[in-house]
Amino acid sequence: MKQPRLNLQHIDHTLEFSLPDPLMTAPQQGPFRRFFGGLFRAVDFSRRLAMNAIFLIVMLIVLVALFSGGHGALEQKTTLVLNLQGAIVEQYTAAPLDRALGESLGDPVKETRLRDITQALQAAATDAHITQVLLITHGIAGIGPASTRELAAALRTFRKSGKKLYAYADGYEQRGYLLAAQADEVLLHPQGAVLLEGLGRYRTYFKDAFDKFGIEAHLFRVGEYKSAGEPYIRADSSPEADEADLYWMNDVWSRHLADIAEARKLDVATLKAQIDDYPNQLHAAHGDLAQLAKSQGLVDALVTRDELEARIAASGAPGDDARSFRQIGFLDYVQRANAVPQMPGRSAVAIVVAEGEIVDGDGGPGNIGGESTSALLRDAREADDVKAVVLRVNSPGGSVFPSELIRREVELIQAAGKPVVVSMGDLAASGGYWISMDADRIYADPSTITGSIGIFGLFFHVPEAMRNGGLNTDGVGTTWLAGAFDPARPLDPKVGAMIQDVLDAGYRDFTSKVAAARKQDVAAIDAIARGRVWSGAQAKQHGLVDAFGGLEAAVADAAERAKLGTDHVTRYIEKPPSLFESFMIEASRSGATALLREHGLLTPLSFLREPAKTDLARLQRLMHARPGSGLPIAIQAHCECGVR
C-alpha cells in the first residue's frame, strides 16, 4: 500500500508557530512592552546583519586575494618610484588594522617609514631590473633634520651605482629640496617654487587667557632653559629659551644650507644672499617662482607631469596602457624583498625602535610605553640569537618613571653580556636622552636635536574661576595636607616647596646618572644641562654623544662589539600584528581590495577605524600624576623642541 507523503513544509510551518513567544502571548502585555520588544528585535537583527556583512566582505577579500596571484616577474628597465607620502617616521603611529583598513578604503594613513626608503635604495643599487629611480617629494608632510640628512646620504650612495636619479615635485619645501638636490636632475613643475625659509620655533602662550578665566598654572622646574612649561605661565618666550633655541637652530640651518650648496655645487654665501634678497629677485623675475628657482641654479628644468613621464620613459622604458613608463612603487618593491625568508639560526643584531612621547604603561603606536618598550628590550635580552642591540631613539621625552624603566632594561641587557648602541634620530632630548645615556656608544647626526637634561612639573588650580562662576569649595580635613592638592583650592606655599624639593631630587638623579654614564663630573654635566637643548654637533663637543652616524653605523658598531663579523642578520623587535591584522595588511596590498572598493563593498568597514589623535591626551598627562605614584603632579622629562 502506498504510504502518504509527509508535507515537510506544513510540519515546519506548524512547528514554527507552535513555539510561544512570551513577548507576544503574555496576557498582561502593554504598549511599552510591545515597543521595547520590537526595538530589541530590530537592534539584534541590525547587529547580526552588520556582522554577517563584515564576514562576507572579509571572505570576499580572502577569495580575491587568493586568486589574484603573487608578484609577477620584475621586467628589465624598470623605474623605482619613491613617491614619498606623509610624515617620514621610524615606526608607524597607526595601529596595523587601522593602516590596513585605510589602504582598503582608499584613504591610507599617510606615513612612510625611513627604513623602507633606505632598504629600497640599497636593493635597487644592485638590482639589474632597476635602471633608475624617480624621487617625488611634494607629498612629504613632515621630516626631521637628521632623517633628511640620513636619507640624503642613502640617495648619494645609490648614485654611486651609476644609475640615474631623477627628482620631481610640484613644489619644493626646504627639507624635501635637500633630498631632491642629491639627484642627477632636479625637475620642477612650471607653476611650482623652491622655498628656503629657514627654521623657526613659535608657540602659543596661555598666561593672559588663563588670567581672564581665573586659571592659575604653577610651573616647577630645574634649569632656567627648561622651557617646555613656559607657555602656561608666560605671555611670551623667556630670554633663556630664545638664546638656547637660536643657538642650536643656527647650527642646524647652517648645515642644511651647506648640504644644499655641496649637492648643487653652489656657494653658501650666495644661497644666503638669495634668501635675504628674495623679494627683489622675485620682482625681477616678474613673480615667476619657478623661473626664479631655475635662474638661481636650484632646479635643472621646468616640466609638466606629462613631460616628466615622457622624460622618464625615454631614459627607461615605456609602460603598459595604464602607465606612461615601466615602474614599481618602493613599497611594493620592499615587499618583494621581504618575501625572501631569512635563514634561521644566524646571530642577530636586534633593533628596538623608541619613537614618540614616553608614557606610562603600554604606549600603543606612536608612543614609547614604559612597560611595552621595556618588554621589547627584555625580549632582545632573552633571545638566544640576539648578540647585540641597537636602540633607535626618536623622542622628545615624557614622563620620568617610564624613562627610568627603559633605562634600567638597557643596563640589564649589558649585564647579560650584550652590547647596546644607541642611534639617535631627529630628536633624542630630555627623557629621550635619559633612555639613551647608558649605551656603550651613542651615535647621532650633527643635526639631531638632543640634550634638554632637566625636569619639570605643572600644577593648575582654579578657585578664582569657580568664584567667577558662583562656585565655592569648603570643608574640613584631619591634617593640613588633606585636600591640599585639590585644584579647586589655592595652592599652599608649603605644598609648592614640597613639589620643588621632589623635582630638585629628580634633577640630581638625572644629572648624576648622566655623569656616571658619560664618565664626567656631576658639576660638568650640570653646566651643560639645566634643560638646555643642543644640536648633535654641539652635544658631541660637550661629550653627550660619542660619534656621528646613522642607523647603519650604529648596527655595524654593535656587530663589531659583539664580534659577529659579517655573518649576522639585522632584525627589528616589535610587537607583532595579530594573525587577522597580518592578513588584512597583506590583502590590502595585494590589489584584491581595489575591485571591492570600486563597488563600495568595503564601506561598512569604515567604522572600525580609530579616531584621529589630538594633543588633549598629552595635556592630560601633563596635568595628572601617574596612578599609584603617590605624587601630586606628573614629573616630566620632556622637551618642546620641534621646529617648522
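Residues numbered from 1 in each chain as written. Predicted model: local features only at pLDDT ≥ 70, side-chain atom pairs only at ≥ 80, totals over all residues. Heavy atoms only, no water.

Describing the overall build of the protein
Move 1: Across its full length, the protein carries 25 helices and 23 strands.
Move 2: The buried share among the 644 residues of the protein stands at 45%.
Move 3: Sequence separation of at least 24 residues holds for 76% of the intrachain contacts in the protein that already meet a minimum separation of 6.
Move 4: For the protein, the exposed surface amounts to about 32300 Å²; the carbon and sulfur share of it is 56%. (Helix = DSSP H or I, 4+ residues; strand = E, 2+ residues; numbered from the N terminus. Buried < 20%, exposed > 50% of the residue type's maximum accessible area, 1.4 Å probe, protein only. Contact = heavy atoms within 4.5 Å. Areas by Shrake-Rupley, 256 points an atom, 1.4 Å probe, with all protein chains shown as cover.)

Focus on the pairing of strand β4 (residues 130–136)
Move 1: The element β4 is extensively covered by neighbouring structure, given that six of its seven residues are classed as buried.
Move 2: Here five bridges tie β4 to strand β6 (residues 164–169), and the two strands are oriented parallel to one another. Considered in β6, the bridge of leucine 134 is made with tyrosine 166. (Pairing = 2+ DSSP bridges.)

Overview of the environment of leucine 282
Move 1: Position of leucine 282 among the secondary structure elements: in helix α11 (residues 278–284).
Move 2: Once the C-alpha coordinates of leucine 282 and leucine 292 are considered, the two residues, ten residues apart in sequence, prove to be 6.6 Å apart.
Move 3: If we ignore the near neighbours within four places in the chain, the residues touching leucine 282 are Gly287, Asp288, Leu289 and Leu292.

Observations regarding the packing of helix α9 (residues 239–264) against helix α10 (residues 268–276)
Move 1: Taken N-terminus to C-terminus, the directions of α9 and α10 make an angle of 115 degrees; their axes are 9 Å apart at the nearest point. Classed by the angle they form, the pair α9 and α10 counts as roughly perpendicular. Crossing of α9 against α10: the hand is right-handed. Residue-level contacts link Trp253, Leu257, Ala258, Ile260 and Ala261 of α9 to Val268, Leu271, Lys272 and Ile275 of α10.
Move 2: The residue makeup of the contact of α9 with α10, split by class, is eight nonpolar, no polar and one charged. (Axes fitted to C-alpha atoms, helices over the stretch in contact; angles between N-to-C directions. Parallel < 35°, antiparallel > 145°, perpendicular 65-115°, else oblique. Left-handed = near helix turned anticlockwise from the far one by under 90°. Nonpolar A, V, L, I, M, F, W, Y, C, P; charged D, E, K, R; others polar.)

A word on helix α15 (residues 370–382)
Move 1: Given a rise of 1.5 Å per residue, 13 residues ought to cover 18 Å, and the 18 Å separating the end C-alpha atoms of α15 matches this to within 8%.
Move 2: For α15, every residue scored as buried is listed here: Gly370, Thr373, Ser374, Leu376, Leu377 and Ala380. Buried residues of α15, viewed axially, fall in a sector of 155 degrees; they line one side.
Move 3: Contacts from the buried residues of α15 go to β13 (348–359), β14 (367–369), β15 (386–399) and α16 (400–415). (Expected span 1.5 Å × (residues − 1). Arc of directions from axis to C-beta.)

Re a nonpolar patch on the surface
Move 1: Among the surface-exposed residues, Trp480, Leu481, Phe485 and Met498 lie close enough to one another that they form a single nonpolar patch of about 340 Å² accessible area.
Move 2: For tryptophan 480, a relative accessible area of 42% corresponds to the partly exposed category. (Patch = residues over 30% accessible without salt bridge, like charges linked within 9 Å, V, L, I, M, F, W, Y side chains within 5 Å. Salt bridge = Lys/Arg side-chain N within 4 Å of Asp/Glu carboxyl O.)

Let's talk about the packing of helix α5 (residues 114–126) against helix α6 (residues 145–159)
Move 1: The geometry of α5 relative to α6 is characterised by a closest axis approach of 9 Å and an angle of 10 degrees between their N-to-C directions. Considering their axes alone, α5 and α6 lie roughly parallel with respect to each other. Here α5 contributes Leu114, Ile117, Thr118, Leu121, Ala124 and Ala125 to the contact with α6, which in turn contributes Ser147, Glu150, Leu151, Ala154, Leu155 and Phe158.
Move 2: Here the residues of the contact of α5 with α6 sort into nine nonpolar, two polar and one charged.

Some remarks on α9
Move 1: Taking 1.5 Å as the rise per residue, α9 with 26 residues should run 38 Å; its terminal C-alpha atoms sit 37 Å apart, in good agreement.
Move 2: Within two residues after α9, lysine 265 carries a phi angle of roughly 55 degrees, on the positive side.

Re the sheet that holds strand β2 (residues 86–89)
Two strands in a sheet stick together by hydrogen bonds in their backbones, pointing the same way (parallel) or opposite ways (antiparallel).
Move 1: Sheet architecture is open: three strands sit in the order β3-β2-β5, paired in parallel fashion. Both outer strands of the open sheet, β3 (111–113) and β5 (140–142), are each paired with one neighbouring strand and no more. The mean angle between the axes of side-by-side strands here comes to 45 degrees, regardless of whether they run parallel or antiparallel.
Move 2: Its contacts with the sheet put α5 on β2 and β3, and the angle it makes with β3 is roughly 55 degrees.

Re unusual backbone geometry
Move 1: Even without a glycine there, the phi angle at lysine 265 is positive, about 55 degrees.
Move 2: As for its position among the elements, lysine 265 is in the loop between α9 and α10.
Move 3: Phi is positive for serine 430, close to 55 degrees, though the residue is something other than glycine.
Move 4: With respect to the helices and strands, the residue serine 430 is situated in the loop between β16 (420–429) and α17 (431–434).
Move 5: With a relative accessible area of 0%, serine 430 lands in the buried category.

A word on the environment of alanine 193
Move 1: Mapped onto the fold, alanine 193 is located in the loop between β8 (185–188) and β9 (194–195).
Move 2: Residue class for alanine 193 comes out buried when judged on its relative accessible area of 18%.
Move 3: The spacing of alanine 193 and aspartate 288 is 95 residues in sequence and 8.6 Å in space, taken between C-alpha atoms.
Move 4: Not counting chain neighbours up to four residues away, the residues in contact with alanine 193 comprise Asp170, Gly171, Tyr172, Leu188 and Leu289.

Quick notes on the confidence of the model for the protein
Move 1: Chain-level statistics for the protein give a pLDDT mean of 85 and a share of 76% at 70 or above.
Move 2: Note that pLDDT drops below 50 for residues 65–69; the model gives that stretch three contacts with residues more than four away or on any other chain.
Move 3: For residues 599–609, every residue scores under 50 in pLDDT, and the model assigns this stretch 25 contacts once sequence neighbours within four places are set aside. (pLDDT = per-residue confidence, 0-100.)

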